Amino acid sequence: MSLKVFSLSLVIESHPKTKKRDTCSFQCMEACGKNLYFGTKDCVVQHFVLPDESFPDSEEKCPTLKQVKIKQMGMRRPVTQLKASPELNHLILLCDNTVTVLNMFSLEPVQTMRKIQNVSSFHVNETATASAPDCIELFTLSSKKKSVHLYMVSIDKWERVKEVSFLEEPLALAVDGNCLCVATSERYVLHDYKNGTTVKLFPHNREKQATIVELAGRGEFLLNGPGSLGMFVTKSGISQRPPVKWTENLLAAAVHFPYIVTLESEALRVHSILDQQQKQTLPLHKGRGLLSTPENVFVLTENTVYSLTPVPVEEQLDALLKSEKTDEALDLVQGVKPLFSKDTYKVLYSNVTRRAGFVKFHQEYFSEAKDLFIKGNLDPKEIISLYPELSSLIADSKHWPNSARSTRDLRLLKERDSETFEKYTEFLCSFLRDCRLTEQSADCREEVDRALVKLYAERGDSEELIKILSSPNACKLNECATFLEKSHRFFALGCLYQSHGHSLSAIQTWTKIVDGHHHENMHFDVYSHIVDFLCCETDLEVVWKYADWVLKKNQEMGVHIFTKRKNNQKSFVEDDVLNMLKKYSLALILYLEYLVNDLKSEDEKHHTLLVTTYVDQILVIMEKQGMESGNLTLTVKRNKLQDLLQETSIYNTAVVQDKLMKTGLHVEKAILNGRAGQHEKALWILVNKEQDICAAENYCRKNSLGRGKVFGNMLFLSLLKLYLDSVTPNSNAMVTAAVDLLNNNAAAFDPASVLQVIPDSWSLQLISRFLVGSLRSMTHYRRMGKIERNLAQAEHLLYRYLWAQATQGNTKVEKE
């Protein structure tokens, strides 16, 4: 309630003295620009003109009013209501339940306008309508008829166009568009006079409380509700704001956005529409009425008139912020947006939110402060300048008035309370990080980035430090490099060089960390970072310079600098890479696999080199570890070699055969013979040299795929003959292998050919499983053949039918 919202000033000190003073007291008032109209108790209308200067700030001073006209209406009843219409130059008055129209300057009756009888009060809606743009709407309330009449008023006549009846007597009225908000003798109601719908609101007691119906804003009404509450009601009948709590002996209320002025017999009270709180109280003796105009609020007593002149919004906001009432200030600045132009409001809003942010900053409400600084578009340099260790980063010596008024001395705070100062430092990091890449810091990117680098380095926040330095930044290279080196932030120093395009300096710094020349406590894998960096590096000379260093540390990862390069990065000449990798066997294989498997190289040299390299590596393993079945490394390598020999034919077969000739890699030799079409020789090697029956059968299966049934029968029959030819009197192993081959692969043999080669000494029971399986396979094969043949015949018949359909009838060819 300490906020000064209005200043009270005197307009008319006292009514001119007359013998019958009580009959000349003010009853009502109207204002239109500089024109003031008063209706008195003795039926007199007075017209005054205000001077050009504004109202005085003090109640004791009174402006000099010029009395223009006095009109005696010829009755002894008081004038109870006045309303000026400048569009029509009319002054409408209500006296003795009769509405009369005067010229607003001469105060002479408009002769063409007849009087309207039996009117208890009226309301003028000055908004022009589309159907009658030169008219105003006049609503009259009739107590006797319990109705409201709508008149269309023009410059020389009025016409009644609508009558709305109510169950109770209408007492007061406010209008918004088609909606009437009416206080009847029992309750408040909303009525749409266009579609005839009525919404009943809450009841009221006219004997205990004043009847108040005021337009609070577009589509919203202010009503005097039960329990001394000022209720806000929309045209749809709902309340979207909390009610205003006011006194029981209320006489009147007037809305002057964003405030409500209420009148009591001995006081004026000001409430906010925005937060419904009472803001100001002004003493007043025997108040009678209120009149709200766009400029001010007039207060009417019996013989005196005051003006409540609103204090400029800027002054109200300044007072709230000085008293650290930030929430009220923010509510107010958001609520008064309709009162200002777009550009003016933008400046006002930014100033208020920034100042409110400094108040929250001082109170250590850092989250709220940050939001307000961002909303207010605070210059980051203003907040940076408050910190003693960062103030030197601000080049200019600009004075920041907001921060000087509302912020504690952080230099003293750092010395006396390091824990609290750490919270302020954490806030600064958060604020600068959020606004760093926005328009808010567009003019001070360098100061923001330098401040963040310094803060992260001192606080040991390595992740954020690396994050900012690894991306484009506005740091001064020499200055930040010196600082990072002194702070022993060598990995970050390399990132700084990288972001500024000094690739060689960056990698030199990182390699020194890996080699132990720079010591830094960090959890980053610097070696992996170097590899990733070289994978993306466009300067190939830098990559070549450090390729040996990378490969010596780890061949498996180091080869990534050649195999993991982005598609848009410049690549290497393959022969140069192969020559360089000759001394790194693991890296060489990985690079060749990359060329053959990933890049799908069709260069015979690449395939042959990969095969021979596999062979060399396998021979080394065999020499060191032998050919034990449990040697997983050897098994994996041989599987890779066998798959490569089986799946590709690009390699030089002669070179590979020479390489394998004196080795014990019999499976690989068999694959080469198979690639040359020497399948019987390949099977002989697998059976007699490798002595691996399973490998021989797998060879038959793999080489039969996609080659047709006849070729498959031939291949399996060759293996069967090989088994039978290898049978010795002292060993039945080959007999068992031959029987198992037949029984397990019955469908792969031609039964007639098998019967010709098997020994006569074999019993029928020995090969019964083969015979059953073979007959079933042949039967299935024959039946499937019939189905395919019949389907083909049906398809042929369908095409013949379609052809017959298309060719029947004649086609007429015209002469043209």
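In this report, the structure presented in the accompanying data block is examined. Please read these numbers as outputs of a predicted model, since none were measured by experiment.

1. So, helix 11 (residues 477-486)
Regarding helix 11, the residues found buried are L477, C480, A481 and L484. The buried residues of helix 11 occupy an angular sector of 100 degrees when the element is viewed end-on, so they sit on one face. Of the exposed residues in helix 11, those oriented more than 90 degrees away from the buried face are N478 and K486. Looking at the buried side of helix 11, the elements it contacts are helix 9 (445-459), helix 10 (462-470) and helix 12 (490-499).

2. Let's talk about the pairing of strand 14 (residues 179-184)
Across the six residues that make up strand 14, a large majority, six, are buried. Every second residue of strand 14 is oriented toward a common face, with C179, C181 and A183 on one face and L180, V182 and T184 on the other, all of them buried. Where strand 13 (residues 170-176) and strand 14 come together, six bridges link them in antiparallel fashion. Of the residues in strand 14, the one forming a bridge with A172 is A183. What sits between the antiparallel neighbours strand 13 and strand 14 is a turn of two residues, in which G177 has the positive phi angle 65 degrees. One ladder, built from five bridges, connects strand 14 with strand 15 (residues 187-192); its direction is antiparallel. Across the sheet, C179 pairs through a bridge with D192, a residue of strand 15. Where strand 14 folds back on strand 15, the antiparallel hairpin that results is connected by two residues.

3. Re a positive patch on the surface
Residues R782, R783, K786 and R789 make up a contiguous surface patch of positive charge. In this structure R789 comes out as partly exposed when scored by relative accessible area, which is 45%.

4. Describing the sheet that holds strand 6 (residues 79-85)
A sheet is described by the order of its strands in space; here three strands give the open sequence 6-7-8, paired in antiparallel fashion. Lying at the two open borders of the sheet, with one neighbouring strand each, are strand 6 and strand 8 (98-103). Strand-to-strand twist of the sheet, defined as the mean angle between neighbouring strand axes without regard to direction, takes the value 20 degrees. The pairing of strand 6 with strand 7 (residues 90-95) spans six bridges and is antiparallel. Bridge pairing in strand 7 places V79 opposite C95.

5. Comments concerning the packing of helix 20 (residues 604-625) against helix 21 (residues 632-647)
Packing of helix 20 against helix 21 brings their axes to within 10 Å, and their N-to-C directions diverge by 155 degrees. One way to sum up the angle between helix 20 and helix 21 is to call them roughly antiparallel. As for how helix 20 packs across helix 21, the hand of that crossing is left-handed. Seen from helix 20, the contacting residues are H607, L610, V611, Y614, V615, Q617, I618, I621 and M622; seen from helix 21, they are T633, L634, K637, R638, K640, L641, L644 and L645. Of the residues contributing to the contact of helix 20 with helix 21, the split by class is eleven nonpolar, three polar and three charged.

The rules we used
Residues numbered from 1 in each chain as written. Predicted model: local features only at pLDDT ≥ 70, side-chain atom pairs only at ≥ 80, totals over all residues. Heavy atoms only, no water. Buried < 20%, exposed > 50% of the residue type's maximum accessible area, 1.4 Å probe, protein only. Helix = DSSP H or I, 4+ residues; strand = E, 2+ residues; numbered from the N terminus. Arc of directions from axis to C-beta. Contact = heavy atoms within 4.5 Å. Pairing = 2+ DSSP bridges. Patch = residues over 30% accessible without salt bridge, like charges linked within 9 Å, V, L, I, M, F, W, Y side chains within 5 Å. Areas by Shrake-Rupley, 256 points an atom, 1.4 Å probe, with all protein chains shown as cover. Salt bridge = Lys/Arg side-chain N within 4 Å of Asp/Glu carboxyl O. Lys, Arg positive; Asp, Glu negative; His and termini not counted. Charge placed at Lys NZ, Arg CZ, Asp CG, Glu CD. Axes fitted to C-alpha atoms, helices over the stretch in contact; angles between N-to-C directions. Parallel < 35°, antiparallel > 145°, perpendicular 65-115°, else oblique. Left-handed = near helix turned anticlockwise from the far one by under 90°. Nonpolar A, V, L, I, M, F, W, Y, C, P; charged D, E, K, R; others polar.

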